[in-house]
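Topology and contacts: notes
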Amino acid sequence: MIGEVHNVHWRELAEMVKAGPGMVDHVVADCPYSAKTHSGHDAVPDAERRAQQRAHPDSHGGGGNRRAIPYAAWSPETVGEFVGAFSAVTRGWMVSITDNVLAPAWAKAMEEGGRYVFAPLPYVHVGGRVRLSGDGPSSWTCWLVVSRPRTAEFSRWGTLPGAYILNGGHERLDLPGGKPLSIMEALVRDYTREGDLVCDPCCGAGTTLLAAKLLGRRFVGGDIDSSHVEIARERLRDTPTRDKLGTLALPFGDRT
């Protein structure tokens, strides 16, 4: 199953990991956000959304993913189930991008699982917009909730960035909820090592897995949306890995 993207629910993927390699090294994921964020994203009428996109073409990756979010929001209970399932099969870091509503639920679930939990880190995409209707602050910030096992091995990992900030339009797929490749590369680079097995249980179109492949990590992912899984598989097939000097083995044009 390593090096593959599976069209399965995250619960099934956790069971597959348990039955297959037994453990992954790290989980790096951008799972669904809260109902508040989803409803705020989807509340803008289509005509107004299109007008705002024309007025602000650089907003959050060109406005392409202002379409309605096609998957269900998560609750604190879902977060708890997810963390419980993957804590049991993850030997290292768990890194989740989330919103301000669910960040406390992620931290609570990780701590209850016996992990050391850090204060949430801001991920700021300058120019990003949750709201397009002009009715108040348009937050540029998501949150990273990060935890590690309470072991000497991971306590000696080293100092890592206290925030991740992207300026302007960065490459991203024209899909709801997608993150720029550059942010996922930064997270994979900071929280994993070459050769580690990186897992994204809600991988969407595979940007985290693509980052892992580019950086010489092994990977496994899953998603319930079959169309997104096919995009992820195609992107991974078309992407060579980088060598130790950071150059690509074959010519590569970013498909995002």
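Residues numbered from 1 in each chain as written. Predicted model: local features only at pLDDT ≥ 70, side-chain atom pairs only at ≥ 80, totals over all residues. Heavy atoms only, no water.

Thoughts on the overall build of the chain
- If you tally the helices and strands in the chain, you get 9 helices and 9 strands.
- Residues classed as buried in the chain amount to 48% of the 256 residues present.
- For the chain, the computed accessible surface area is about 11600 Å², with 54% contributed by carbon and sulfur atoms. (Helix = DSSP H or I, 4+ residues; strand = E, 2+ residues; numbered from the N terminus. Buried < 20%, exposed > 50% of the residue type's maximum accessible area, 1.4 Å probe, protein only. Areas by Shrake-Rupley, 256 points an atom, 1.4 Å probe, with all protein chains shown as cover.)

Comments concerning the packing of aromatic side chains
- Taken as a whole and judged by the stated rule, the model has 12 aromatic pairs.
- Among the aromatic side chains, those forming a connected cluster through ring pairs are W93, Y116, F118, F154, W157 and Y191.
- Over the ring of Y116 we find R148; its NZ or CZ atom is 4.6 Å from the centre of that ring.
- The ring of W157 is capped by R193, whose NZ or CZ atom sits 3.9 Å from the centre of that ring. (Phe/Tyr/Trp six-rings, centres within 6.5 Å; stacked < 30°, edge-to-face > 60°. Lys NZ or Arg CZ within 6 Å of the ring centre and 35° of its normal.)

Details of the pairing of strand β9 (residues 218-222)
- Burial analysis of β9 places 4 of its 5 residues in the buried class, the great majority of the element.
- Across 3 bridges, the pairing between strand β1 (residues 4-6) and β9 is parallel. If you follow E4 over to β9, its bridge partner there is V220.
- Of the strand pairs in this sheet, strand β8 (residues 197-200) and β9 are connected by 4 bridges, and their pairing is parallel. (Pairing = 2+ DSSP bridges.)

Observations concerning the nonpolar core
- With 34 residues, the main nonpolar core has V95, I97, Y123, L144, Y164, L187 and Y191 as its most contacted residues.
- Those elements that place two or more of their residues in this core are β3 (94-98), β5 (121-126), β6 (141-148), β7 (164-167), α7 (181-191), α8 (207-214) and α9 (226-237).
- Among the elements that take part in this core, α7 stands out by supplying 7 residues, more than any other.
- Here Y123 is in contact with I97, W140, T141, C142, L144, Y164, L166, K179, P180 and I183, once residues within four sequence places are set aside. (Core = buried A, V, L, I, M, F, W, Y, C linked by side-chain atoms within 4.5 Å. Contact = heavy atoms within 4.5 Å.)

Some details on the state of the cysteines
- By the definition in use, this model includes 0 disulfides.
- For C202, which is in no disulfide, the shortest distance to another cysteine sulfur is to C31 and amounts to 3.7 Å.
- Between C203, a free cysteine, and C202, which holds the nearest cysteine sulfur, the sulfur-to-sulfur gap is 8.3 Å.
- A relative accessible area of 6% means that C203 is categorised as buried. (Disulfide = S-S within 2.5 Å.)

Re α9
- Helix length check: α9 (12 residues) gives 16 Å between terminal C-alpha atoms against 16 Å at 1.5 Å per residue, within 8%.
- Those residues of α9 that sit buried are H228, V229, A232, R235 and L236. All buried residues of α9 project into a common sector of 125° when viewed along the axis, lining one side.
- Summarising the contacts, the buried residues of α9 are in contact with β1, α8 and β9. (Expected span 1.5 Å × (residues − 1). Arc of directions from axis to C-beta.)

Some details on the pattern of salt bridges
- Using the criterion set out here, one finds 8 salt bridges in the structure.
- As a salt-bridge pair, R91 and E153 come within 3.1 Å of each other at their nearest N and O atoms. Taken together, the residues span a long stretch of sequence, with R91 in the loop between α4 (76-87) and β3 and E153 in helix α6 (residues 152-155) at a distance of 62 residues.
- For R91, a relative accessible area of 34% corresponds to the partly exposed category.
- Through salt bridges with shared partners, a single network forms among D25, R91, E153 and R218. (Salt bridge = Lys/Arg side-chain N within 4 Å of Asp/Glu carboxyl O.)

Quick look at the confidence of the model for the chain
- Looking at the chain as a whole, its pLDDT mean stands at 84, while 77% of the residues score no less than 70.
- Low confidence marks residues 247-256, where pLDDT is under 50. Its contacts with residues over four positions away, or in another chain, come to 21 contacts. (pLDDT = per-residue confidence, 0-100.)

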